[in-house]
Amino acid sequence: MTELPRKIKLAPGDYFMLAQDLWMRRSGLQGNICCAVLQLDRGFDVERLRRRLAESPLMDWLARARAVRPLPFLPPVWRTDSKPGQIFFEHDDKDGAMETPWSPPEVVTKHQLRADREPGVAFDVLRHADGTSHLFFSWNHTHLDATGVDFILHHLNSNSDSNGSSSVKDFINPKQLKGMPISKWWANADFAHSSMKWLDESGKEPLFTPAPPGPRSKARKNHQRRIRFNEEETARIAERCGKVAPGFRRSHFYLAASIQALHAIARQRGEKDGAYLIPVPHDTRRHGAKGPIFSNHLSILFYRIEAQQAANVRDMVGELGRQMTNQIRDKFPEACMAALNMFKVIPPGYYVKHLGKPTRGKIASLSFSDSGEACPDMKEFCGARIMDVTHLIPCWSSPGITTLFLQFGGRLSVLMSWVDDCISPAEADGIERDLRRVLLEQEL
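1. A closer look at the overall build of the protein
And then number 1: Assigned secondary structure in the protein consists of 13 helices and 15 strands.
And then number 2: Since a compact globule built from 444 residues should have a radius of gyration of about 22 Å, the 21 Å found for the protein is in line with a globular shape.
And then number 3: Projected onto its principal axes, the C-alpha coordinates of the protein cover approximately 60 × 55 × 45 Å.
And then number 4: Across the 444 residues that make up the protein, the buried fraction comes to 57%.
And then number 5: The long-range share in the protein, meaning contacts at least 24 apart out of those at least 6 apart in sequence, stands at 78%.
And then number 6: For the protein, the accessible surface area stands at approximately 19800 Å², while carbon and sulfur atoms represent 52% of it.
And then number 7: Between the centroid of the 60 positive side chains of the protein and the centroid of its 52 negative side chains there is a distance of 6 Å.

See below:
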């Protein structure tokens, strides 16, 4: 592999995630830290993983990467001249086997993983008395998106660095190695402005968000719950998706189910007229590409569903498909990326407030993501059969509720994450109940 660069630009999505990370920490939450959890059968070769982490130039680069702003009002960059720091940890659990948890154990959550001060990734192996293990791959979202995490797990599971055939572009987007010519700046600014105009139009009141208005306590916490479906239920959901959303994306059915579950909460609170504004990550990699691995190669699609539409899943699916088609046609994801790129010169605190300006601070009603198949084409990891996979994700303080759909081994699961001053325990129970009802049982 050609030597990796010591300095590159933050991708537009990186700075968005960094700003959210800093904002969450100031709000009393842990930070924008995600965790991929692999439940592994007996035979896990821990030494093999330790060796791959130590020998991989990609992992050495990732362990050194720090987000740094060279001077005020200059775009931040990734620098790799720091010492790599420890990223591999081992622990023993003497209580026997353990199911994949809803939230990481304390030995995992103690890692700060600050993007500007220390390694942004950590690997924790938790060995159980029955010979099985859990691997917790934690990462600061500033460094990687979910697709990059899958690429890294495949990379670590291989026996070598692709026999030397890997290139820098497999790891880093070449656009992050060079700046934008001054001649293109104004055209880019005008293009970026079009996305803010669109968001200003879509963000008109009334909007519903579960986050409370006004000042909030720093004593709030993230809570997580994993909603599991077995293979038979997953097949039924897939069949229903084909009936409800023929010709549309599966993720639109999942999103419609999430909106309807949230709509029930809004009605219970007496807020019947507020529309739902939902930003959805949009992967900008070419379809089928095996890279880049590092950074967040994401733009955003914004959907708006009116309160009267939220009562019917089929109507929502059709409306979501129409809005997606229009945004792709109008190049909204590219315009949004241009705007995020220009905002990198803004200090993080002002950045978050500026993003919320078109919607009067109501950035979203719900955070949603459909990660598809976890660890695609992987049945074992370092010699052990993969028994289960999930992603544990934080919830931003606004909107205060997140649903992540993910599938592994023919089984669908939904990771629900919420902030306790936005969603009560009873409301969380209601969201789970309504998600199951809509996905499996609702009469259409």
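Structure's up, so let's keep going.
2. Topic: the packing of helix 2 (residues 46–55) against helix 5 (residues 146–157)
And then number 1: Contact pair helix 2 / helix 5: the axes reach a minimum separation of 9 Å and the direction vectors enclose 110°. The orientation of helix 2 with respect to helix 5, classified from their angle, is roughly perpendicular. Along its contact with helix 2, which presents Arg 48, Leu 49, Arg 52 and Leu 53, the element helix 5 presents His 155, Leu 156 and Asn 157.
And then number 2: The residue makeup of the contact of helix 2 with helix 5, split by class, is 3 nonpolar, 2 polar and 2 charged.

3. Section: the nonpolar core
And then number 1: Judged by nonpolar contacts, the single largest core of 132 residues is most densely connected at Leu 49, Phe 123, Phe 137, Leu 144 and Phe 381.
And then number 2: For this core, the element with the most residues is helix 9 (residues 250–268), which contributes 10 residues.
And then number 3: When residues no more than four places from it in sequence are discounted, the contact partners of Phe 137 are Cys 34, Cys 35, Ala 36, Val 121, Ala 122, Phe 123, Leu 144, Val 149, Ile 152 and Leu 153.

4. Section: the packing of aromatic side chains
And then number 1: What the rule picks out here adds up to 13 aromatic pairs.
And then number 2: Ring centres of Phe 208 and Tyr 276 lie 5.9 Å apart, and the angle between their planes is 65°; on these two criteria the pair is classed as edge-to-face. In this pair, Phe 208 is assigned in the loop between helix 7 (185–202) and strand 8 (222–228) and Tyr 276 in strand 9 (residues 276–283), connecting sequence segments 68 residues apart. Per residue, the accessibility class of Phe 208 equals that of Tyr 276, and both read buried.
And then number 3: Where Phe 253 meets Tyr 254, the ring centres are 6.4 Å apart and the plane angle is 40°; that geometry is what we call tilted. By the burial criterion, Phe 253 is buried, and Tyr 254 matches it.

5. Quick notes on the sheet that holds strand 1 (residues 7–9)
And then number 1: Strand order in the open sheet made by the 3 strands is 1-4-3, with antiparallel pairing throughout. Edge positions in the sheet fall to strand 1 and strand 3 (66–68), since each has one partner strand and no second. Averaged over all pairs of adjacent strands, the angle between their axes in this sheet comes to 35°, without regard to strand direction.

6. Examining the packing of helix 9 against helix 13 (residues 425–441)
And then number 1: Between helix 9 and helix 13, the shortest axis-to-axis distance is 9 Å and the interhelical angle comes to 140°. Taken as axis vectors, helix 9 and helix 13 run oblique relative to one another. Crossing angle aside, the handedness with which helix 9 passes helix 13 is right-handed. Judged by residue contacts, Phe 253, Tyr 254, Ala 257, Ser 258, Gln 260, Ala 261, Ala 264 and Ile 265 of helix 9 engage Glu 427, Ile 431, Asp 434, Leu 435, Arg 437, Val 438 and Leu 439 from helix 13.

7. Here we look at the pattern of salt bridges
And then number 1: Scanning the model with the defined rule gives 27 salt bridges in all.
And then number 2: Note that Arg 25 and Asp 21 form a salt bridge whose closest N and O atoms lie 3.0 Å from each other. Here Arg 25 pairs with Asp 21, and both are found in helix 1 (residues 12–26), just 4 residues apart, close to one helical turn. Comparing Arg 25 with Asp 21, the two get one shared label, buried.
And then number 3: One continuous salt-bridge network, built from bridges that share partners, spans Glu 47, Arg 50, Glu 90, Asp 92 and Arg 127.

8. So, the environment of Ala 307
And then number 1: Mapped onto the fold, Ala 307 is located in the loop between strand 10 (298–305) and helix 10 (313–329).
And then number 2: In the structure, Ala 307 is positioned 49 residues away from Ser 258 in sequence and 14 Å away in space, judged by C-alpha atoms.
And then number 3: With sequence-adjacent residues up to four places away left out, Ala 307 is seen in contact with His 263, Lys 272, Asp 273, Gly 274, Ala 275 and Tyr 276.

9. Focus: helix 3 (residues 57–64)
One turn of an α-helix holds 3.6 residues; hence residues three or four places apart share an orientation.
And then number 1: When we look at burial in helix 3, the residues that qualify are Leu 58, Met 59, Trp 61, Leu 62 and Ala 63.
And then number 2: In this structure Ser 56 caps helix 3, since a side-chain oxygen of it lies 3.2 Å from the backbone nitrogen of Leu 58.

10. Points about the side chain of Ser 295
And then number 1: Within the fold, Ser 295 resides in the loop between strand 9 and strand 10.
And then number 2: Residue Ser 295 is classed as buried on the basis of its relative accessible area, which comes to 0%.
And then number 3: Among the polar contacts listed, one links the side chain of Ser 295 to the side chain of Asp 14, at a separation of 2.7 Å.
And then number 4: Excluding its chain neighbours within four sequence positions, the residues that come into contact with Ser 295 are Ala 11, Asp 14, Trp 78, His 143, Leu 144, Asp 145, Gln 176 and Arg 285.

Each value, and the rule that gives it
- Residues numbered from 1 in each chain as written.
- Predicted model: local features only at pLDDT ≥ 70, side-chain atom pairs only at ≥ 80, totals over all residues.
- Heavy atoms only, no water.
- Helix = DSSP H or I, 4+ residues; strand = E, 2+ residues; numbered from the N terminus.
- Rg over C-alpha atoms; globule rule 2.2 N^0.38 Å.
- Buried < 20%, exposed > 50% of the residue type's maximum accessible area, 1.4 Å probe, protein only.
- Contact = heavy atoms within 4.5 Å.
- Areas by Shrake-Rupley, 256 points an atom, 1.4 Å probe, with all protein chains shown as cover.
- Lys, Arg positive; Asp, Glu negative; His and termini not counted.
- Charge placed at Lys NZ, Arg CZ, Asp CG, Glu CD.
- Axes fitted to C-alpha atoms, helices over the stretch in contact; angles between N-to-C directions.
- Parallel < 35°, antiparallel > 145°, perpendicular 65-115°, else oblique.
- Nonpolar A, V, L, I, M, F, W, Y, C, P; charged D, E, K, R; others polar.
- Core = buried A, V, L, I, M, F, W, Y, C linked by side-chain atoms within 4.5 Å.
- Phe/Tyr/Trp six-rings, centres within 6.5 Å; stacked < 30°, edge-to-face > 60°.
- Pairing = 2+ DSSP bridges.
- Left-handed = near helix turned anticlockwise from the far one by under 90°.
- Salt bridge = Lys/Arg side-chain N within 4 Å of Asp/Glu carboxyl O.
- Polar contact = N/O pair within 3.5 Å; in protein donor to acceptor, adjacent residues only side chain to side chain.

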